[in-house]
Amino acid sequence: MRHTGQDGRLGTTPPVPGRPTIFLFCLCALFFALITWQVLADGPLRDADERLGPWITGSRLPDGAAELLADLGGVAVAVPFLAAAIGYAGWRGHRAGTFRWWLAPAAIAVAMAAVPVLVIPLKELIGRTGPPGMDGSGYYPSGHTATAMVAYGGAALLLLPYLRGTYARRELVIACALLNFGVGLGLVRRGYHWPLDVVASWCLFGMVLVGVVLVVARYGRRPAAFAADADQPK
């Protein structure tokens with residue numbers, strides 16, 4: 001949906017999240033709670049995870065390709081990528097005169113800052129040991145997966161409003177999903193994490209990104225939009 005700014009230029013109206021958005025948040029929360037409980041309780045899901053991990057590690061994906069995919073979740077790669085997307089989205093929004101153009105870029109930046117704030121205490125609290133060959137504990141949830149989830153998922157959220165056509169937007173979402181899957185696969189294939197370490201980070205930071213969408217949709221709309229919504233028959 002498009003609107004004109006105070007100077008008459010076009011801007012982008014944030015989408016209004018509906019029930020599917022809330023459902024996705026709840027689904028991520030449910031799966032994260034379930035996985036965490038199973039890891040802490042040494043449940044059957046953890047047993048299956050520790051059987052699946054060595055099978056993926058022994059797969060035919062070349063070491064070099066797996067290492068490259070895993071590195072895409074590193075701060076040195078993912079954070080500059082996200083910073084470029086934040087800068088571009090901020091520039092486009094400011095240029096278009098979008099109402100509170102800074103809100104979405106700022107919210108995504110806060111989400112990235114939340115990665116160590118959430119991941120490090122959970123690693124310490126849960127203290128899961130790593131796959132064979134990895135020393136110590138603190139592997140759950142995966143920090144590289146979390147960084148990739150916020151960086152590439154956040155970049156996709158920022159860029160979607162500036163793409164024309166359903167096809168281009170669908171391709172961006174698919175590319176983002178494949179990239180995050182590739183990072184997770186590379187981490188497990190190289191033996192850096194168990195599969196559930198990766199899935200838990202997808203769930204946790206899926207919640208964070210959905211939260212960003214809700215905040216931007218709530219506070220990124222002009223006051224007149226709320227009045228129009230209130231006037232509509234229930």
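Keep in mind that this is a model prediction, so the values were computed, not measured.

**Q** Talk me through the environment of Met-207; I want residue IDs and the actual numbers.
**A** Within the fold, Met-207 resides in helix H8 (residues 195–219). For Met-207, a relative accessible area of 18% puts it in the buried group. C-alpha separation for the pair Met-207 and Phe-32, spaced 175 residues apart in sequence, amounts to 9.4 Å. When neighbours within four sequence positions are excluded, Met-207 is seen to be in contact with Phe-25, Cys-28 and Ala-29.

**Q** I'd love a proper account of the packing of aromatic side chains, names of residues and values included.
**A** In this structure the tally under the stated criterion is 4 aromatic pairs. Aromatic pair Tyr-88 and Trp-91: ring centres 6.1 Å apart, planes at 45°, arrangement tilted. You can see Tyr-88 and its partner Trp-91 sitting in helix H4 (residues 75–96), 3 residues apart, about one turn around the helix. Residue classification places Tyr-88 among the partly exposed residues on the basis of a relative accessible area of 35%. An aromatic cluster of at least three residues, connected via ring pairs, comprises Tyr-88, Trp-91 and Tyr-162.

**Q** I'd like a description of the environment of Pro-161, backed by residues and values.
**A** Relative to the elements of secondary structure, Pro-161 occurs in the loop between helix H6 (143–159) and helix H7 (166–189). Pro-161 sits in the partly exposed class, given a relative accessible area of 32%. Residues Pro-161 and Gly-93, 68 residues apart in the sequence, show an inter-C-alpha distance of 9.7 Å.

**Q** Could you give me a rundown of unusual backbone geometry, with the residues and numbers involved?
**A** That bond from Tyr-140 to Pro-141 is cis: its omega, -5°, falls within 30 degrees of zero. By the element assignment, Pro-141 lies in the loop between helix H5 (103–126) and H6. The phi dihedral of Asp-42 is positive, around 55°, even though this residue is not glycine. Within the element layout of this structure, Asp-42 appears in the loop between helix H1 (19–41) and helix H2 (44–57). The exposure class of Asp-42 is partly exposed, given its relative accessible area of 48%.

**Q** So, the nonpolar core: which residues are in play, and what are the values?
**A** Within soluble globular proteins, side chains that are nonpolar tend to cluster in buried spots. Counting 40 residues, the largest nonpolar core has Phe-32, Ile-35, Val-115, Tyr-140 and Phe-205 as the members making the most contacts within it. With residues near it in sequence (within four places) discarded, Ile-35 still touches Leu-45, Tyr-140, Leu-196, Val-199, Ala-200 and Cys-203.

**Q** Quick rundown of the confidence of the model for the chain? Include the residues and the values.
**A** When pLDDT is averaged across the chain, the result is 90; 88% of the residues are at 70 or more. In the model, residues 1–14 has pLDDT below 50 throughout and makes 37 contacts with residues more than four positions away in sequence or in other chains.

**Q** With reference to specific residues and values, describe the packing of H1 against H2.
**A** One way to put it is that H1 packs onto H2 with a least axis distance of 7 Å and a crossing angle of 85°. What the angle tells us is that H1 and H2 run roughly perpendicular. Of the residues in H2, those in contact with Ile-35, Gln-38 and Val-39 of H1 are Pro-44, Leu-45 and Arg-46. Per-class residue counts for the contact of H1 with H2 are 4 nonpolar, 1 polar and 1 charged.

**Q** Now, about H4: what can you tell me, with residues and values included?
**A** Here H4 is 22 residues long and its end C-alpha atoms lie 31 Å apart, about the 32 Å a rise of 1.5 Å per residue gives. Those residues of H4 lying buried are Ala-78, Leu-82, Ala-85, Ala-89, Gly-90, Gly-93 and Ala-96. Looking down the long axis of H4, one finds its buried residues gathered within 135° of arc, a one-sided arrangement. Turned more than 90 degrees off the buried face of H4, the exposed positions are Ala-76, Ala-84 and Arg-95.

Thresholds, definitions, all that
- Residues numbered from 1 in each chain as written.
- Predicted model: local features only at pLDDT ≥ 70, side-chain atom pairs only at ≥ 80, totals over all residues.
- Heavy atoms only, no water.
- Helix = DSSP H or I, 4+ residues; strand = E, 2+ residues; numbered from the N terminus.
- Buried < 20%, exposed > 50% of the residue type's maximum accessible area, 1.4 Å probe, protein only.
- Contact = heavy atoms within 4.5 Å.
- Phe/Tyr/Trp six-rings, centres within 6.5 Å; stacked < 30°, edge-to-face > 60°.
- Core = buried A, V, L, I, M, F, W, Y, C linked by side-chain atoms within 4.5 Å.
- pLDDT = per-residue confidence, 0-100.
- Axes fitted to C-alpha atoms, helices over the stretch in contact; angles between N-to-C directions.
- Parallel < 35°, antiparallel > 145°, perpendicular 65-115°, else oblique.
- Nonpolar A, V, L, I, M, F, W, Y, C, P; charged D, E, K, R; others polar.
- Expected span 1.5 Å × (residues − 1).
- Arc of directions from axis to C-beta.

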